[in-house]
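Take a look at the letters that make up each chain.
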Amino acid sequence: MQKIAIVGIGLHKFGRFGDKTFQQIGQEAVKMALQDANIGWRDVQVAYLSSQYLPSTAAARVLKPLGETGISLVDVEAACASGGVAVREAMNAVQSGFCDLALAVGVEKMPRGFMDPMANFERWQVQMGLSTNPSYWAMTARRHMHDYGTTELQLSKVAYKNHKNSVDNPYSMYQKEFKIEEIMASPIVCDPIHLLEICAPNEGAGALVLCPWEKAHKYNSKPIAIEACFHTVAMYSSDFRVPIESMSARVSNPGPAEVASQKAYEAAGMGPEDLDLVELQDTDAFCELMLYEELGLCKVGESGKLIDEGVTERGGRLPVNVSGGLISKGEPVGASHLGQIAEIAWQLRGQAGKRQIPNPKVGMAQVVGARGNCCVTILKK
Amino acid sequence: METKETSQKQPKRIPIREDLFTAPLDNLGQVRLKGSRCRDCGEVFMGKATTCANCSSTKLEDLTLSNRGTLWTYTLIRYQPPGDYKGQVNPFIPFAEGLVELPEGIRVLAPVKECDFERIRIGMPLELVVHELFQDSDGNQVVAFYFRPASA
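Predicted, not measured: the structure shown is a model, and the values here were computed from it.

About the cut-offs
- Residues numbered from 1 in each chain as written.
- Chains lettered and ligands numbered in written order.
- Predicted model: local features only at pLDDT ≥ 70, side-chain atom pairs only at ≥ 80, totals over all residues.
- Helix = DSSP H or I, 4+ residues; strand = E, 2+ residues; numbered from the N terminus.
- Contact = placed C-beta atoms within 7 Å.
- Buried ≥ 20, exposed ≤ 12 C-beta atoms within 10 Å, placed from the backbone.
- Nonpolar A, V, L, I, M, F, W, Y, C, P; charged D, E, K, R; others polar.
- Pairing = 2+ DSSP bridges.
- Axes fitted to C-alpha atoms, helices over the stretch in contact; angles between N-to-C directions.
- Parallel < 35°, antiparallel > 145°, perpendicular 65-115°, else oblique.
- Left-handed = near helix turned anticlockwise from the far one by under 90°.
- Core = buried A, V, L, I, M, F, W, Y, C linked by C-beta atoms within 7 Å.

Asker: Quick question: what am I supposed to make of the overall build of chain B here?
Answerer: A count of helical and extended segments in chain B gives one helix and nine strands. Its helices and strands taken in sequence order, chain B reads α-β-β-β-β-β-β-β-β-β from the N to the C terminus. Along the longest, intermediate and shortest principal axes, the C-alpha atoms of chain B span 55 × 40 × 35 Å. The contacts of chain B with a sequence gap of at least 6 include a subset with a gap of at least 24, amounting to 53%.

Asker: Sorry if this is basic, but what is going on with unusual backbone geometry here?
Answerer: Working note: non-glycine residues mostly have negative phi, and peptide bonds are mostly trans. Residues and elements named next belong to chain A. With omega at 5°, the peptide bond leading from Asn133 into Pro134 counts as cis. The residue Pro134 is located in the loop between helix H4 (123-127) and helix H5 (135-148) in this model. For the bond from Val242 to Pro243, the omega torsion is 0°, close enough to zero to count as cis. With respect to the helices and strands, the residue Pro243 is situated in the loop between strand E8 (224-233) and strand E9 (246-248). Although it is not a glycine, Thr57 sits at a positive phi angle of roughly 55°. Locating Thr57 in the fold gives a position in the loop between strand E2 (46-50) and helix H2 (58-63). Of the residues examined, Thr57 has 12 C-beta atoms within 10 Å and is grouped as exposed. For Ser237, which is not a glycine, the phi torsion comes out positive at approximately 50°.

Asker: Whenever I open this one, the interface of chain A and chain B confuses me. Can you help?
Answerer: Accessible area lost during the coming together of the parts is what is often quoted as the interface size. In this assembly, 30 residues from chain A lie in contact with 34 residues from chain B. At the level of elements, H4, H5, strand E5 (188-190) and E9 of chain A are the ones that each hand at least two residues to the side of chain A that touches chain B. The element contributing the most residues to the side of chain A that touches chain B is H5(A), with six residues. Grouping the constituent residues of the side of chain A that touches chain B by class yields 16 nonpolar, eight polar and six charged. Here E9(A) runs beside strand E7 (residues 106-112) of chain B; their pairing, made up of three bridges, is antiparallel. Its bridge partner lying in E7(B), A:Ser246 is registered against B:Val108.

Asker: I would appreciate a short explanation of the pairing of strand E1 (residues 4-15) of chain A in the present structure.
Answerer: The side chains of a regular strand alternate, first on one face of the sheet and then on the other. Residues and elements named next belong to chain A. Of all 12 residues making up E1, 11 are buried, and the element is well covered by its neighbours. In the sheet, E1 pairs with E8 via three bridges, with the strands oriented antiparallel. Residue pairing across strands places Ile6 opposite Ile224, the latter belonging to E8. In this structure, E1 lies alongside strand E7 (residues 203-212), joined through nine bridges in antiparallel fashion. Within E7, the residue paired with Ala5 across the bridge is Cys211.

Asker: How should I be thinking about the sheet that holds strand E2 (residues 34-38) of chain B in this particular structure?
Answerer: Adjacent strands of a sheet form backbone hydrogen bonds with each other and so pair up, either parallel or antiparallel. Residues and elements named next belong to chain B. The three strands lie next to each other as E3-E2-E4, forming an open sheet whose pairing is antiparallel. With one partner strand each, in any of the chains shown, strand E3 (44-46) and strand E4 (60-64) form the two edges of the open sheet. In this sheet, neighbouring strand axes are inclined to one another by 35° on average, regardless of whether the strands run parallel or antiparallel. Sheet topology note: the E2/E3 ladder contains three bridges and is antiparallel. The partner of Ser36 across the bridge, within E3, is Phe45.

Asker: Please clarify how the pairing of strand E4 (residues 102-109) of chain A should be interpreted in this entry.
Answerer: All names here are of chain A. Judged by how many residues are buried, E4 sits mostly within the fold: eight of eight residues are covered. The alternating pattern of E4 places Ala102, Ala104, Gly106 and Glu108 on one face and Leu103, Val105, Val107 and Lys109 on the opposite face, and all of these are buried. Bridging between E2 and E4 involves five bridges; their strand directions are parallel. By the bridge assignment for E4, Leu49 is matched with Val105. Looking at chain direction, E4 and E7 are connected through eight bridges and run antiparallel. Residue pairing across strands places Lys109 opposite Glu203, the latter belonging to E7.

Asker: Sorry, what's going on with the sheet that holds E2(A) here?
Answerer: Residue and element names in this part refer to chain A. Pairing is mixed in the open sheet, where nine strands are placed in the order E3-E2-E4-E7-E1-E8-E12-E11-E10. Unpaired on one side and paired on the other, strand E3 (72-76) and strand E10 (277-279) mark the two borders of the sheet. Sheet twist, expressed as the average angle between the axes of neighbouring strands with direction ignored, equals 20°. Across the face of the sheet, helix H12 (residues 336-349) comes into contact with E1, E4, E7, E8, E10, strand E11 (362-369) and strand E12 (373-380) while running at roughly 170° to E11.

Asker: What's the story with the packing of H5(A) against helix H9 (residues 285-294) of chain A in this structure? I'm lost.
Answerer: The relative placement of two packed helices is expressed as an angle between their axes plus a distance between the axes. Residue and element names in this part refer to chain A. It is the contact of H5 with H9, at a shortest axis distance of 9 Å, that shows an interaxial angle of 55°. In this view, H5 runs oblique relative to H9, as classed from their interaxial angle. Considering only the axes of H5 and H9, their crossing is left-handed. Counting all contacts with H5, which are made through Trp137, Thr140, Ala141 and His144, the residues of H9 involved are Phe286, Cys287 and Met290. The class makeup of the residues in the contact of H5 with H9 is five nonpolar, two polar and no charged.

Asker: Teacher, can you tell me more about the nonpolar core here?
Answerer: Counting residues in each nonpolar core, the largest one holds 161 residues, and the members touching the most others are A:Leu49, A:Ala90, A:Ala104, A:Val105, A:Leu208, A:Val209 and A:Leu210. If we ignore the near neighbours within four places in the chain, the residues touching A:Leu210 are A:Ile4, A:Ala5, A:Ile6, A:Ala90, A:Met91, A:Val94, A:Ala102 and A:Ala104.

Asker: When you look at the packing of helix H3 (residues 82-95) of chain A against H12(A) in this model, what are you seeing that I'm missing?
Answerer: All names here are of chain A. Running from amino to carboxyl end, H3 crosses H12 at an angle of 70°, the nearest separation of the two axes being 6 Å. Judged on the interaxial angle alone, H12 and H3 are roughly perpendicular. Taking contact as the criterion, the partners of Gly83, Gly84 and Val87 in H3 are, on H12, Ser336, His337, Leu338 and Ile341.

Here's what the structure looks like:
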């Protein structure tokens with residue numbers, strides 16, 4: 001399979017931007033990516049735009065104002081993994097020989113306030129009071145604590161690490177360090193998960209220009225290789241997630257992050273030991289711990305130990321969420337994975353500013369969300 | 001007068017979700033949750049399933065789920081859930097939400113009520129309660145379910 005390079009990176013800060021339109025937010029990220037690749041909009045041959053909360057034909061709404069060139073502008077949606085599917089489709093377009101320059105862009109502007117539970121749940125579930133978020137994660141966390149002795153302090157340590165990392169990331173919604181005690185004293189949203197341990201829905205955009213590896217240096221002196229990009233939707237009874245009404249007690253399949261990461265490791269000819277940094281889906285602090293296990297960063301049941309040992313801190317052996325993670329950045333769903341990839345690509349290029357880690361060569365980005373949509377991307381310098 | 005006749009009529013009970021309960025709903029103490037079992041792989045589903053999500057078989061049979069199980073995991077719902085919650089509000093009464101493991105090999109998501117938060121624990125025996133949750137705009141009593149700590 002032809003190797004694909006990222007030659008342009010663009011990111012619009014994640015946060016809340018008032019009356020600024022999703023078109024403006026998306027266009028800023030695209031222009032930055034085009035400039036980074038030293039190309040103009042009219043050089044782009046196909047574009048895939050990921051979002052979950054934008055109206056139909058969002059790709060055309062965002063991109064046509066840059067020039068109505070007649071190229072295929074495609075909308076993709078796969079919940080929290082939407083951005084991964086945009087990248088994969090852009091890769092496929094180049095790998096198939098359809099074109100040389102493809103754009104993947106994720107844009108989101110999510111409604112403010114509590115999300116209407118009817119968007120995800122059945123009416124009877126809402127009426128019976130089964131629609132509190134993040135109750136599903138809380139229940140999974142509770143069981144993990146029961147089975148492996150994971151503690152509330154270990155959850156808080158994840159949030160502490162990510163908030164601390166965010167201070168050096170100007171693209172993050174929140175850039176504030178909190179004490180462990182403040183995190184543990186913040187209101188309990190869903191026992192045992194606290195307010196300072198969950199991420200907020202928000203707005204933002206990310207964009208990437210892709211081309212064949214052998215042509216990459218024409219566009220950028222520091223191309224980044226996409227070693228793998230894999231999307232999956234959870235197998236039967238593998239993923240306890242909104243709005244599931246029951247789980248099997250007889251069948252247990254590997255979770256979507258385990259499946260996607262195994263496929264990605266295989267495609268890249270690598271294993272977890274080859275990773276120098278990871279950006280993963282910390283929808284809440286427990287989610288990050290569980291993903292340490294599903295991505296093979298540690299053995300099942302040992303994620304609490306991994307955070308205790310400081311392995312995933314910015315100065316640790318395998319830094320996780322040096323960007324501050326979703327807990328700090330917020331989650332503009334359709335743009336989220338593009339943001340993770342931008343962070344890793346900048347780190348691999350040595351362009352991550354104050355949060356730069358020393359000389360990383362390989363990084364992984366991972367997202368997972370509604371219906372068990374999951375994407376894992378492995379990047380290499 | 002027509003309105004008088006309506007008000008005197010015994011409210012009709014309807015299930016909160018079709019195919020969830022065994023019929024009839026006259027004696028709620030006798031009502032159980034309904035399920036489907038795959039005749040090929042043995043997997044069990046809540047309500048009426050026509051295709052097995054595990055093996056894609058279409059050979060499913062009805063079964064009645066046990067009214068007793070154990071708490072597999074839980075969380076505590078301390079604030080009123082978002083949306084059109086029909087449980088008690090003003091004041092909202094906090095409750096637990098959990099996965100209840102039934103002997104048929106299924107874990108059912110359910111409210112867990114009448115349970116002291118200090119005493120809730122994974123593995124505790126629970127029993128089914130089928131009850132009238134609210135009256136809908138047509139005057140029907142809508143029947144729902146929860147679990148509570150099992151009586152000895």
